[in-house]
Amino acid sequence: MKPKYQVIIDDIKSKILSGDYNVGEKIPTESSIQEKYKVSRHTVRKAISELSKEGFLRSEKGSGTYVSNQYQSKSGGNSNSKIIGVITTYISDYIFPSIIRGIEGRLNEDNYSLLLASTNNDVEQEKKALEMMLSFGVDGLIVEPTKSNLYNPNISYYLSFKEQDVPFIMINAHYEELDVPFFCLDDVQSSYLATKELISKGHTQIGLISKMDDLQGKYRMKGYIKALGEAKLRFQPEQVLSFDTETKLDLYTNLKEFLNKNRDVLTAIVCYNDEVGLEVANVCRQLNISVPGKLSIIGQDNSYISKNANINLTTLTHPQEQMGRDAADWIIKKLHGRKNLPKETYYQPVLIEGETVKELEVNETLRKA
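Rules used throughout
- Residues numbered from 1 in each chain as written.
- Predicted model: local features only at pLDDT ≥ 70, side-chain atom pairs only at ≥ 80, totals over all residues.
- Heavy atoms only, no water.
- Helix = DSSP H or I, 4+ residues; strand = E, 2+ residues; numbered from the N terminus.
- Buried < 20%, exposed > 50% of the residue type's maximum accessible area, 1.4 Å probe, protein only.
- Contact = heavy atoms within 4.5 Å.
- Areas by Shrake-Rupley, 256 points an atom, 1.4 Å probe, with all protein chains shown as cover.
- Lys, Arg positive; Asp, Glu negative; His and termini not counted.
- Charge placed at Lys NZ, Arg CZ, Asp CG, Glu CD.
- Expected span 1.5 Å × (residues − 1).
- Arc of directions from axis to C-beta.
- Axes fitted to C-alpha atoms, helices over the stretch in contact; angles between N-to-C directions.
- Parallel < 35°, antiparallel > 145°, perpendicular 65-115°, else oblique.
- Left-handed = near helix turned anticlockwise from the far one by under 90°.
- Salt bridge = Lys/Arg side-chain N within 4 Å of Asp/Glu carboxyl O.
- Phe/Tyr/Trp six-rings, centres within 6.5 Å; stacked < 30°, edge-to-face > 60°.
- Lys NZ or Arg CZ within 6 Å of the ring centre and 35° of its normal.
- Disulfide = S-S within 2.5 Å.
- 1 Å grid on protein atoms, 1.4 Å probe; cavity = no way out; pocket = protein on both sides within 12 Å on 5 of 7 lines; lining within 4 Å.
- Points joined across faces, edges and corners; volume = space filled by probe spheres on them.
- Nonpolar A, V, L, I, M, F, W, Y, C, P; charged D, E, K, R; others polar.

(A) Up close: the overall build of the protein chain. When helices and strands are counted, the protein chain shows 14 helices and 14 strands. In the protein chain, which comprises 369 residues, the share counted as buried stands at 51%. Here the analysis covers contacts within the protein chain between residues at least 6 apart in sequence; of these, 73% occur between residues at least 24 apart. Carbon and sulfur atoms provide 48% of the accessible area of the protein chain, an area that totals close to 17,300 Å². Counting 46 positive and 49 negative side-chain charges, the protein chain places the centres of these two groups 3 Å from one another.

Below, the structure is given as structure tokens:
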């Protein structure tokens, strides 16, 4: 449990970093803070003293305590080396090492330093990461949004970066409520191409497994629906399995139930990404559903796991390292005063054939239609 003075420090710091308290603004009196947190005057003074040492507050005798921005110079903002903050949902998993490698490689070329944080796709951890970046006084920021398909309670922190003229850009997704530049895979097109490939191989009963708290999942569902519509195939909700960050822990169990229920109907599945695609293949082995004999599977993102698994997964490309380089390059150019930089960049996916898609024979297609 946090000491009481630390709770006060964290709350006041959050209000300053999110813009609730502006630089030069007088904070509530000691007695008001004492009443709000139900603590002693000594505890309040200890918190104010610590915040003043860190450069978040300054006290004027006989006048009160005011918000200061000295914390930025104290934490390294006055350093000759430019520091770029990078916040991703994960660091060591899936495609993220490649993205970070691309960012780091480009920053190193111009002698920029990197300050890295991850959120585990949790908005509270994103808040802490943003507060750290603001406290440190980073010169620019590259962010992969957290739960980008849901309302984000941390928008005020991003607006604080804007107010301080700290450039930032988003990768993989973006917050639709914010006017922010971004680099993304064309996720609609990725799932569209996956579904279209299966349709071209004679499949008419095609399932979808997608993650719906991230914008990528919403767009990948859109591509799936678009391809079905063009082929005059009916969208069937019972052939869709959705999950989110929390229910991903139960994905194996839910997949088992989903595949069992649809084993005599579905001939193919479009998966949210390669990780899910390989989990589907794993569950199929448990259920004695042959891949691709009975069920064709397409992943997405062309991750290292799609190449190193015990089955060569059919997938679609993701720019990964190139996206990281491009995002870092955008930030560097922005800091150098470059105008007319792109607001939206979409990378076009390309299908990579593996061994998890089978072409249906005509009589099989008719039987399943």
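Further notes follow.
(B) Broad picture of helix H3 (residues 41-54). With 14 residues, H3 should cover 20 Å at 1.5 Å per step; its first-to-last C-alpha distance of 20 Å lies within 8% of that length. Restricting attention to buried positions, one finds in H3 the residues Thr43, Val44, Ala47, Ile48 and Leu51. Along H3, the residues classed as buried sweep out an arc of 130° about the axis, all on the same side. Exposed and facing more than 90 degrees away from the buried side of H3 are His42 and Lys53. Summarising the contacts, the buried residues of H3 are in contact with helix H1 (4-17), helix H2 (30-37), strand S1 (57-60) and strand S2 (64-67). Residue Gly55 follows H3 closely and has a positive phi angle near 90°.

(C) Layout of the packing of helix H6 (residues 123-136) against helix H7 (residues 155-163). It is at 10 Å that the axes of H6 and H7 come closest, and there the two elements cross at 20°. When the axis of H6 is compared with that of H7, the two are roughly parallel. Seen along the crossing, H6 lies across H7 with a hand that is left-handed. Residue-level inspection shows Glu126, Lys127, Leu130, Glu131, Met133 and Leu134 of H6 in contact with H7, the latter providing Tyr157, Tyr158, Ser160 and Phe161.

(D) Quick peek at the pattern of salt bridges. Applying the stated rule across the entire model yields 22 salt bridges. Between Arg58 and Glu60 there is a salt bridge; the shortest N-O distance is 2.4 Å. Arg58 gets classed as partly exposed once you look at its relative accessible area, which sits at 34%. Across the salt bridge formed by Asp139 and Lys82, the nearest N and O atoms sit 3.9 Å from each other. One end of the pair, Asp139, is in the loop between H6 and strand S5 (140-143); the other, Lys82, is in the loop between helix H4 (70-77) and strand S3 (83-88), with 57 residues separating them in the sequence. By relative accessible area, which is 19% here, Asp139 ends up buried. Overlapping salt bridges, with partners in common, bring together Arg106, Glu109, Asp110, Arg325, Asp329 and Lys333 in one network.

(E) Here's a closer look at the packing of aromatic side chains. If you walk through the whole model with that rule in mind, you get nine aromatic pairs. With 5.7 Å between their ring centres and 45° between their planes, Tyr158 and Phe168 make a pair best called tilted. Linking Tyr158 in helix H7 with Phe168 in strand S6 (residues 168-171), this pair joins segments that are 10 residues apart in sequence. Across the pair, exposure class does not vary: Tyr158 and Phe168 are buried alike. Members of the aromatic cluster, connected to one another through ring pairs, are Tyr158, Phe161, Phe168 and Tyr175. If you follow Lys46 out to its NZ or CZ, it ends over the ring of Tyr5, 4.1 Å from the centre.

(F) Region of the structure containing the state of the cysteines. A complete count under the given rule lists zero disulfides for this structure. Counting only cysteine sulfurs, Cys271 is the nearest neighbor of Cys284, a cysteine outside any disulfide, at a range of 9.0 Å. According to the relative accessible area criterion, Cys284 is buried, its value standing at 0%.

(G) A look at the layout of surface pockets. A volume near 430 Å³ is recorded for the largest pocket. Around the largest pocket sit 26 residues that line it, and Tyr90, Tyr94, Phe96, Tyr272 and Asn273 are the ones nearest its centre. Among the residues making up the lining of the largest pocket, the classes are represented as nine nonpolar, eight polar and nine charged. Taken as a whole, the second largest pocket holds about 280 Å³ of empty space. Taken together, 20 residues line the second largest pocket, and the ones lying closest to its centre are Tyr71, Gln72, Leu134, Ser160 and Gln164. Of all the elements in the fold, those that place two or more residues in the lining of the second largest pocket are H1, H4, H6 and H7. For the lining of the second largest pocket, the residue count by class is 10 nonpolar, eight polar and two charged.

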